[in-house]
Amino acid sequence: MKSDYKLVIGLETHVELQTKSKIFCSCPTAFGAEPNTHCCPVCTGEPGSLPILNKEVLAYAIRAGLATNCKISKITHLDRKNYVYPDLPKAYQISQFDEPICVGGYVELASGKRIRINHIHVEEDAGKLVHEDGYTYIDYNRGGVPLIEIVSEPDITDIAEAREYMEKLQITMRHIGVSDCKMQEGSMRCDVNISVHKEGEPFGTRTEIKNMNSLSFMEKALAYEYSRQCDVLDSGEKVIQETRRYNEGTQTTESMRSKEDAQDYRYFPEPDILTVEVSDEFVDAIQASMPELPDVLGKRYVEEYGLGTTEAELIVKYKKIADFFNACAREGSPKLAANLILGQIFRGMQTEEEKEAFELKITPSQLAALVKLQDEGKINAQIARQTLQKMLAEGKDASAYLTAEDLAGVDDSAIDKLCAEAVASNARAVNDYKNGKLQAIKALVGYVMKATRGKADAAAVESKLIALIGG
Amino acid sequence: MGAGKIRKYSELLRSGATTSVKLTEEYLGKIEVLNPEINAYVAVNAEKALRAAKAADERIARGEGDALTGIPFAIKDNIATKGEETTCCSRILKGYKPTYDATVYEKLCAHGAVVLGKNNMDEFAMGSSTETSCYGAAYNPHNRGYVPGGSSGGGAAAVAAGIATYALGSDTGGSIRQPAAFCGVVGLKPTYGAVSRYGLIAYGSSLDQIGPIAASVEDAAIVFDAIKGADKRDQTSSGGTEPTADKLDGNVKGLRIGIAEEYFDGISEDTLKAVRKAIDFYAEAGAEIVKVSLPMLKDALPVYYIIACAEASSNLGRYDGIRYGYRAAHYDDVNDMVMRTRSEGFGREVKRRIMLGTYVLSSGYFDAYYKKALRLRESIVTAFAGIFEKCDVLIAPVAPTTAFPLNYTADNMIETYMSDICTVPVNIAGLPAISLPCGKDGKGLPVGMQIIGKKFDELTVLRTAEAFERAALVDVALDMGVTL
C-alpha cells in the first residue's frame, strides 16, 4: 500500500546572486546580453588567467546565511570540483567542499516545523549550451556568475512542505536583496533528493532529480518519483541509487546515471585563491544592514499596523510590494495604504511576473499623499479609489485630478442637516426600515450621498440615519 | 662588472655608441646563426622586436627609460603574450594565441624592454631536460651532446649562448635553477607570490613562480626588480617593489650561512667539490658557517610529485579542443573529440603526470596521498622556518650532477625525478633561491650552487650570490664563435 510509505526529501537549492560583477572577475552578471559579450580570459578559462574572489559574493552568502539562522564560518576556502563538460571552460568548477561559508541553520515553516540547513556554499555558474540548426554553441556569459547552494537536511516529509520551503527561501532571498530568485530565468533552481520508507524503518535508498526549474515541475516530479519508488518496493525490488531527470513532456522521471557511473569530482583546495578569514566586524556590519525578515515584517504589519494576516502575508510575499508599502506606511495611515495597494493596484495585476516586478507609474510618496487626504477626511474612499486609478494610468499627483469641490469636504453639521432632510422627505423608506426591511436604509444613505456628490462617508451617514430613526 | 650585460648595454645605448635597433638586429642575426644549433627559441618575432627597439630608442633619446629600456630579452613559451602563439611547447596548444598579456610581460614592456621571441621548454614545464618539447629538444651550448636542463632549458641555453641578454623562465620544482646550473648562467626563483603568475600557464599552481635567467647576479636582480610586486590580478601575489639591484655590495661579513648535510647526500664528486669550495670562500670572506639539519628533506620529493601532479591534472583539464589549440581531425561526438584531442595532443610525460595527479586525488586515495602530502608540506614549511632562525641563507647544490647526456632522461625516468631533490624543497616551502655557476666538472660542463633565503628576502640571497660572483673565482663564460 502506497499510503504505508513515508516520504523523505532533501533539497539542494541553487540561488544566483545579484552582485553587479561575477565571482572571479569584473565582468557584469546581467542576464540576456548578446552571447559571449560579458566575458574575459577568466570567464573563458584561458590558460594563465587567474580567479580573483569578489568579496561582495561572500557578503551576499553571509546575508543568506544570517537570514536562515546559519553560523558564519570564521575560516572559509574554495575548492575545485573537477569534471569535464563543454560549458565548463576550466574543466573544474570553483566551489566549496569542506569549509563552506555558512553552516547549520534552519528555515521555519508556518506550522512551526524547522527544516534544517546543513550548509550554504558559494560557487561559480557554468556557461550555457545553445542547440541550434544541428550545431551546439556555447555562451559563456553566465560562466562565473555567482551562486549559492543551500543544502537542506532530509527533514521534508511531504510535497507541500517542499513547496513551502522553496517559497520561503525565495521570499527570504528576495527580501534580503541577494537574488531575484526567478525560476523561469534559472536564477533559482533545485535538485531534489527523495526516498521512501515504512514507519519505524530506516530511510530508504534515495534518488536525486536534477535541475528543477519550476515549483510545479518539482511537485509533479516528486509525486511521480514517490509513486515510482513505492511501486518498485511493492514489487519486491530495490530502489537504485541514481541521478534522474524530470521529463516535462511525459511528466515522469528517467534515469541519467547510476551511482556506479557517478562522477568522482576529485575536490581539492583551490590553490589560486587564498583562504579567507571572515572577521566578526565584517559579519556584524552585514548583520546591521539586514532588513526585517519576512516573518518579522508580516508580524509587525498585523500587530503594529492592524492589517489582517492574509493581507500582511500577501504584501510580504512580493518583495517589491512590501518595499512600496513600507515606504507609504512610513508616511502614515498604513491600513488605508494597504487597502489601496491590495484592493486597487494588486488586483489589477494578472500574472505572478507582474506582481513580482510591481512596476508602477507612481511613487510611494504620491500614494501616501493620496492616503493622507483620505485619512484626514478630505476625500472619501470612493474618491480615493477613483483618483488612484487615474494616477496609475498617468503617473501624476492626486492634486492633478481632485477638484476644489472634491477637496472641500463636508462638515458634520451639513451632514446632520442632510440626514434630517432624508428622514423627513422619505417617510416610506423610514417606515419600511422600522418594519424590519433593513435594506431600506440604503435609500436614505443614497439621498445624502447624492446631495454631497459622493463626498460623505457612507458608513458614517448610515450610523447617523439609524440613530435618527431610532432603530 | 664581469658577465653582466644589462648595465653595459644600457650605458652603450645612453652614450649613443649604439642603438636598441642595432643591438636588436645583432641579436636577431646571432639567433639566425646559433638557434639552429641549440633550438633555444621556438618562435622569433623580428618585426615586433624591431618595432619595440625603435620605440625604446625614442624614449632613450628623450632621456627617459631605465636600465632595461631597449635591451632584448626572451620569454618562456608558457607566458602569455597577446596575439602571439603561446604553446607551452605542447601540440595541444598549437595555434593558441592568448587574448591578453601576462603581467610580467606587460611590466617589462612598460620598461621599454625588447622581446625577441619565445623559448623552448619541456612540454607544460614537466621535465628537467627540455627534451619533451613538441618542437624538439634544445641543446646545451657548452656541449651539444648534453641537455640544457629543464624545463626552462631554452631560456638558459639562449642566455648562455648570448642570444638573449636575459630570459624569463618559470620554476615549479627547479625549472629555472637547474637549467641555469647546467648552462652556467644565473637563475632566480623568487618567493612564491613575489612575482605575479597572471599569464603564466599553470602547471602546479601552488608551486609555480616566474623568475629571471641572466648572465649575472646583478642582471637577475635588475629584472627581478622590474617584474616583482603584488598584482591585483593574482590573489596569491604579495610583497613590495623595493629595488635590490643597487644594494649588492659584496659584503658577507657576519652573514650566517647554513649548511644542511642532507642536501649533500648522493651528490656527484665534481659538484660536491665545487660547492664546498664556494662555501670555503664565504668562510674566508667573513661569513659564519652554521651546521643545520633538515631530516624531512627526504619527504620533499614525493610531496612535490603528488602536489604538482594533482594540481596539473586539474589545470590541464581545460585542454579539450573546444575553444582553442589543437583539435583531433576525426571524431564521433563531443566526448570522443575531447578524448582523441587529449590523446593526440599531449606527450607521454604530460599524460603520465595527469594520470598520477588524477589518481592521488581520486576518492579512496585522496587521504593516503594528497592529504598526507599537504600535511608533510606543512612540516617542511615549519622546518625551514626553524632553520632560518639559525641562519640567514642556506647553501646547497642545485642538482646531484651536471647536465645529462641527450636521450638519457627517457630511459632513466625515476633517476631524473630523483635529481629534482635539491630544488623541489624550495618550491614546497615557497622560498626564494638562486642558482649560480660555481665551477666546472671534468667534462667542462658548468656546476651550479644554490643559495636559499627566507620568504621575501631575495635581497640577502642576491647579495650573497653577488659576493661570490664579484670575487670572480669561476669562469664559465662561453664563446660560441659569433661576436657582436
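Residues numbered from 1 in each chain as written. Chains lettered and ligands numbered in written order. Predicted model: local features only at pLDDT ≥ 70, side-chain atom pairs only at ≥ 80, totals over all residues. Heavy atoms only, no water.

Now, about the overall build of chain A: what can you tell me, with residues and values included?
Along chain A, the regular secondary structure elements total 16 helices and 16 strands. Its C-alpha radius of gyration of 29 Å places chain A more than 25% over the 23 Å reference for a compact globule of 471 residues. Taking the principal axes of its C-alpha atoms as reference, chain A extends roughly 90 × 55 × 50 Å. By residue count, 50% of the 471 residues in chain A fall in the buried class. Restricting to contacts in chain A with at least 6 residues of sequence separation, those with at least 24 account for 68%. (Helix = DSSP H or I, 4+ residues; strand = E, 2+ residues; numbered from the N terminus. Rg over C-alpha atoms; globule rule 2.2 N^0.38 Å. Buried < 20%, exposed > 50% of the residue type's maximum accessible area, 1.4 Å probe, protein only. Contact = heavy atoms within 4.5 Å.)

Talk me through the overall build of chain B; I want residue IDs and the actual numbers.
Assigned secondary structure in chain B consists of 15 helices and 11 strands. The C-alpha atoms of chain B give a radius of gyration of 21 Å, which matches the 23 Å a tight globule of 484 residues would have. Dimensions of chain B, computed from C-alpha atoms along their principal axes, come out at roughly 65 × 55 × 45 Å. Counting all 484 residues of chain B, 63% fall into the buried class.

Go over the domain arrangement of chain A with me, naming the residues and quoting the values.
Taken domain by domain, chain A comprises domain 1 (2–282), domain 2 (292–408) and domain 3 (412–469). In this structure, domain 2 of chain A and domain 3 of chain A have C-alpha centres spaced 31 Å apart. (Domains from an automatic or database assignment.)

Could you give an account of the sheet that holds strand β2 (residues 71–72) of chain A, with specific residues and numbers?
The strands that make up a sheet pair up through hydrogen bonds in the backbone, lying either parallel or antiparallel. All names here are of chain A. With mixed pairing, 9 strands are arranged side by side in an open sheet as β2-β6-β7-β10-β1-β11-β12-β13-β14. Single-partner strands in this sheet number two, and they are β2 and β14 (252–258). Both strand β1 (residues 5–16) and strand β11 (residues 188–198) contribute to a ladder of 11 bridges, which runs antiparallel. Its bridge partner being in β11, His14 is matched across the sheet by Arg189. Seen against the sheet, helix α1 (residues 55–67) touches β2, β6 (102–108), β7 (114–124) and β10 (146–152) and runs at an angle of roughly 175 degrees to β7. With respect to the sheet, helix α3 (residues 215–234) is in contact with β1, β11, β12 (207–212), β13 (242–247) and β14, its orientation differing from that of β11 by roughly 25 degrees. (Pairing = 2+ DSSP bridges. Axes fitted to C-alpha atoms, helices over the stretch in contact; angles between N-to-C directions.)

Outline the interface of chain A and chain B, supporting the account with residue identities and numerical values.
Each side of the interface is counted separately: chain A has 30 residues, and chain B has 38 residues. In this structure, the connection of chain A to chain B is made through 1 salt bridge. Note that B:Arg197 is salt-bridged to A:Asp272, the shortest N-O span being 3.0 Å. Across the contact surface, chain A and chain B share 17 residue pairs in polar contact (both at pLDDT 80 or more). (Salt bridge = Lys/Arg side-chain N within 4 Å of Asp/Glu carboxyl O. Polar contact = N/O pair within 3.5 Å; in protein donor to acceptor, adjacent residues only side chain to side chain.)

Explain a nonpolar patch on the surface to me, and be specific about the residues and the numbers.
Residue and element names in this part refer to chain B. Among the surface-exposed residues, Tyr359, Tyr365 and Tyr369 lie close enough to one another that they form a single nonpolar patch of about 280 Å² accessible area. Summarising the element assignment, Tyr365 is placed in the loop between α11 (348–361) and α12 (367–387). Overall, Tyr365 belongs to the partly exposed group, its relative accessible area being 36%. (Patch = residues over 30% accessible without salt bridge, like charges linked within 9 Å, V, L, I, M, F, W, Y side chains within 5 Å. Areas by Shrake-Rupley, 256 points an atom, 1.4 Å probe, with all protein chains shown as cover.)

An account of helix α9 (residues 297–315) of chain B is needed here, citing residue identities and associated values.
All names here are of chain B. Over its 19 residues, α9 runs 27 Å from end to end, which matches the ideal 27 Å to within 8%, given 1.5 Å per residue. Along its length, α9 shows its largest kink, about 25 degrees, at Val303. In terms of burial, α9 is largely enclosed, as 17 of its 19 residues are buried. (Expected span 1.5 Å × (residues − 1). Bend = angle between axes of the 7 residues up to and from the residue.)

Account for the pairing of strand β7 (residues 256–260) of chain B, with residues named and values stated.
Successive residues of a regular strand alternate their side chains across the two faces of the sheet. Residues and elements named next belong to chain B. Counting buried positions along β7 yields 4 of 5 residues, so the element is predominantly enclosed. Pairing analysis gives 5 bridges linking β7 to strand β8 (residues 288–292), with the strands arranged parallel. Considered in β8, the bridge of Ile259 is made with Lys291. Traced from β7 through helix α8 (residues 269–284) to β8, the parallel crossover comes out right-handed. Here β7 pairs with strand β9 (residues 393–397) via 2 bridges, running parallel. Of the residues in β9, the one forming a bridge with Ile257 is Val393. (Right-handed = clockwise from strand over helix to strand, strands pointing away.)

So, the sheet that holds strand β11 (residues 446–453) of chain B: which residues are in play, and what are the values?
All names here are of chain B. Read across the open sheet, the 11 strands follow the order β1-β3-β2-β4-β6-β5-β10-β11-β9-β7-β8; overall the sheet is mixed. Every other strand in the sheet has two partners, leaving β1 (41–44) and β8 as the edge strands with one partner each. Going across the sheet, the axis of each strand differs from the next one's by a mean of 30 degrees, ignoring polarity. The sheet contact formed by strand β5 (residues 186–189) and strand β6 (residues 210–214) spans 2 bridges and is antiparallel. Bridging from a neighbouring strand, Val186 pairs with Ala214 of β6. Lying on the sheet, helix α2 (residues 20–38) is in contact with β1, β2 (72–76) and β3 (114–119); it crosses β3 at an angle near 20 degrees. Against the sheet, helix α7 (residues 217–227) engages β4 (166–170), β5, β6 and β10 (433–440), with an angle of about 150 degrees to β6.

Please set out α11(B) residue by residue, giving values where relevant.
Taking 1.5 Å of rise per residue, 14 residues should cover 20 Å, and α11(B) covers 20 Å from first to last C-alpha, within 8% of that figure. The inward-facing, buried residues of α11(B) abut β15 (268–269) of chain A together with α9, α10 (334–345), α12 and α13 (413–418) of chain B.

So what's going on with the packing of α9(B) against α12(B)? Residues and values would help.
Residues and elements named next belong to chain B. Taken N-terminus to C-terminus, the directions of α9 and α12 make an angle of 125 degrees; their axes are 9 Å apart at the nearest point. With respect to α12, the element α9 is oriented oblique. In this structure, the crossing between α9 and α12 has a hand that is left-handed. Where α9 approaches α12, its residues Asp299, Ala300, Val303, Ile306, Ile307 and Ala310 are matched on the opposing element by Tyr369, Tyr370, Ala373, Leu374, Leu376, Arg377 and Ile380. (Parallel < 35°, antiparallel > 145°, perpendicular 65-115°, else oblique. Left-handed = near helix turned anticlockwise from the far one by under 90°.)

Tell me about the packing of aromatic side chains, residues and numbers included.
Tallied over the full model, the rule gives 30 aromatic pairs over all chains. Where B:Tyr100 meets B:Tyr198, the ring centres are 5.1 Å apart and the plane angle is 55 degrees; that geometry is what we call tilted. Remark: B:Tyr198 occurs in the loop between β5 and β6 and B:Tyr100 occurs in the loop between β2 and α4 (103–110); sequence separation between them is 98 residues. Residue classification places B:Tyr100 among the buried residues on the basis of a relative accessible area of 7%. Judged by relative accessible area, which is 7%, B:Tyr198 ranks as buried. Measuring from ring centre to ring centre gives 6.3 Å for B:Tyr319 and B:Tyr324, while their planes differ by 70 degrees; the resulting arrangement is edge-to-face. Judged on exposure class, the residue B:Tyr319 and its partner B:Tyr324 are both buried. Taken together through their ring pairs, the aromatic side chains of B:Tyr96, B:Phe124, B:Tyr319, B:Tyr324 and B:Phe346 make up a single cluster. Stacked on the ring of A:Tyr265, the Lys or Arg A:Lys81 has its end atom at 4.4 Å from the ring centre. Residue placement shows B:Arg276 over the ring face of B:Phe264; its charged tip is 4.5 Å from the ring centre. (Phe/Tyr/Trp six-rings, centres within 6.5 Å; stacked < 30°, edge-to-face > 60°. Lys NZ or Arg CZ within 6 Å of the ring centre and 35° of its normal.)

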